[in-house]
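As a plain string of letters, each chain reads:
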Amino acid sequence: MEKIFLPRVNDLHFHGRSGQVLKDILPFTSEVCSHALFMPNIAGNEIVNARRVEEYRAEILKVCNPLFSSCEPLMTIMITPKTTPPTIEAAYNAGAVAAKIYPRGGTTNSENGIDDWDSHQLMAVLEKMEELGMVLCVHGELVYGAPEKIEVYGQYLGVLNEIEPSKREIRFCPIISKWCQLFPQLRIVFEHITTHAAVSLVFSLPKTVSATITVHHLLVTEVDVMGSHLNPHLFCKPTVKGYADMAALRAAAFSGNPKFFLGTDSAVHTKSRKEECGCAGVFSAPVFVEALIELFTEFGQLDKLPDFISNFGADFYDLPRASQTISYRREPSLVPGRIKESYVPFMAGKTLAWRRDE
Ligand code: DOR
Ligand code: ZN
């Protein structure tokens, strides 16, 4: 029987949600991870200050106490237009290792996100983070640009400022470059990159800038999402792109360059919310390691997998590398169509080539 051993994962981008959903989904992550970085966009109760960092951490620890589990939660705070340097410092002192920027209106629960990318207050917050040594996690998509008269092939479309989804990440790249120059010690993670342009940018910038890559962006293109029927369970932000962009992401993941590491962005929504409201998010937590083993073995890159899923992320975040390993064996396993009645996992109904040993 073919077997492999992998270090526990560092999932440096995870949506754990709260309440019953947290209880339902956390075991998928805590069973295989060494650390998981919890995103702060909790519906109606975002993690925006030190008190919320402490409350959310306590809620997570009730479900997954590191005394009984080998997975440690890492906390983030969400940067909103109201965030000040003292807010950030208090959150850091309360245990937040990172702060997350969302573009306003660009994704799930991002109504309190940013749309003034040059404000003095935001610059002061980034300066404070640089001083404290906190990591800046950026959902790098520009949703609104300056209003422009848009004329295409001589046809006037109006004064428009909303950027097309497929171009939002590329339009954000100059902001990453600028922040990297302005704050040379600030560690920046360009989250869940999806394009060749973002891969090239991250390769070209100093080592303070890295990127997370999700499993679904390594495996899925727009052909899967909308090539025939619309598949709402693969709809996410940033949207998946085409073959060329997916190939660039795979090249980055296989490159052995420590700037590129895993952040699953596993983002559960109920089946009904996915199908009726089209919420963005792919629930990859139940299958992501097995899916990655299959991809990396198919391309003869298995030796690169431990660094990609575990070591490079730990190093960038200054975490101890995982000391425990988990074994997987080559044996087909069917991904269920539903989990806990309500959630549809990534690759539902498909057969994976590997499974975790009990
Ligand atoms: O697809 C996504 N889902 N992208 C995000 O940025 C947020 C996430 C969520 O929270 O559901
Ligand atoms: Zn996310």
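Residues numbered from 1 in each chain as written. Chains lettered and ligands numbered in written order. Predicted model: local features only at pLDDT ≥ 70, side-chain atom pairs only at ≥ 80, totals over all residues. Heavy atoms only, no water.

(A) Inspection of the coordination of the zinc ion (ligand 2) at higher detail. Looking at the metal site, the zinc ion (ligand 2) is ligated by His 13 (NE2), His 15 (NE2) and Asp 265 (OD), spaced 2.0 to 2.1 Å from it. Positions of the donor residues of the zinc ion (ligand 2) along the chain correspond to the pattern H-x1-H-x249-D. Both residues of the pair, His 13 and His 15, belong to the buried class. (Donors = N, O, S within 2.8 Å, 3.2 Å for Na, K, Ca; no water. Buried < 20%, exposed > 50% of the residue type's maximum accessible area, 1.4 Å probe, protein only.)

(B) Geometry of the nonpolar core. Membership of the largest hydrophobic core comes to 97 residues, with the highest contact counts inside it found for Ile 79, Leu 126, Met 129, Leu 136, Trp 179 and Leu 292. Judged by nonpolar contacts, the second largest core, of 16 residues, contains Leu 37, Phe 261, Phe 316 and Tyr 317. (Core = buried A, V, L, I, M, F, W, Y, C linked by side-chain atoms within 4.5 Å.)

(C) Structural detail: the site of ligand 1. The full set close to ligand 1 counts 13 residues, and Arg 17, Asn 41, Thr 107, Lys 237 and His 269 are the nearest of them. At 2.9 Å from an oxygen atom of ligand 1 is found a side-chain nitrogen or oxygen belonging to Asn 41. Measuring from an oxygen atom of ligand 1, one finds a side-chain N or O atom of Thr 108 at 3.0 Å. Within the complex, the protein chains bury 100% of what would otherwise be the 290 Å² of accessible surface of ligand 1. (Near = heavy atom within 4 Å. Polar contact = N/O pair within 3.5 Å; in protein donor to acceptor, adjacent residues only side chain to side chain. Areas by Shrake-Rupley, 256 points an atom, 1.4 Å probe, with all protein chains shown as cover.)

(D) Molecular detail of the sheet that holds strand S5 (residues 96–101). Reading across from one edge, S11-S10-S9-S6-S5-S4-S3-S2-S12 is the order of the 9 strands in this open sheet, with parallel pairing throughout. At either end of the open sheet lies a strand with only one pairing partner, and these are strand S11 (260–262) and strand S12 (266–267). The pairing of strand S10 (residues 209–213) with S11 spans 3 bridges and is parallel. Within S11, the position partnered with Ile 213 by the bridge is Leu 262. (Pairing = 2+ DSSP bridges. Helix = DSSP H or I, 4+ residues; strand = E, 2+ residues; numbered from the N terminus.)

(E) Structural detail: the pairing of strand S2 (residues 9–15). With respect to burial, S2 is a largely interior element, 7 of its 7 residues being buried. With 4 bridges joining them, S2 and strand S3 (residues 33–38) adopt parallel strand pairing. By the bridge assignment for S3, Val 9 is matched with Cys 33. What joins S2 to S3 is helix H1 (residues 19–30), and the crossover it makes is right-handed. Bridge count for S2 against S12 is 2 bridges, and the pairing is parallel. (Right-handed = clockwise from strand over helix to strand, strands pointing away.)

(F) Structural context of the packing of aromatic side chains. Evaluated as defined, the whole model comprises 14 aromatic pairs. Taken together, a centroid distance of 6.0 Å and an interplanar angle of 85° make the contact between Phe 38 and Tyr 56 edge-to-face. Placement of the pair is Phe 38 in strand S3 and Tyr 56 in helix H2 (residues 50–63), with a sequence separation of 18 residues. Just as Phe 38 is buried, Tyr 56 falls in that class too. With 5.9 Å between their ring centres and 35° between their planes, Phe 254 and Phe 299 make a pair best called tilted. Of this pair, Phe 254 sits in helix H9 (residues 243–254) while Phe 299 sits in the loop between helix H11 (288–298) and helix H12 (305–316), and the two are 45 residues apart along the sequence. By relative accessible area, which is 11% here, Phe 254 ends up buried. Taken together, the ring pairs connect Phe 254, Phe 296, Phe 299 and Phe 308 into an aromatic cluster. (Phe/Tyr/Trp six-rings, centres within 6.5 Å; stacked < 30°, edge-to-face > 60°.)

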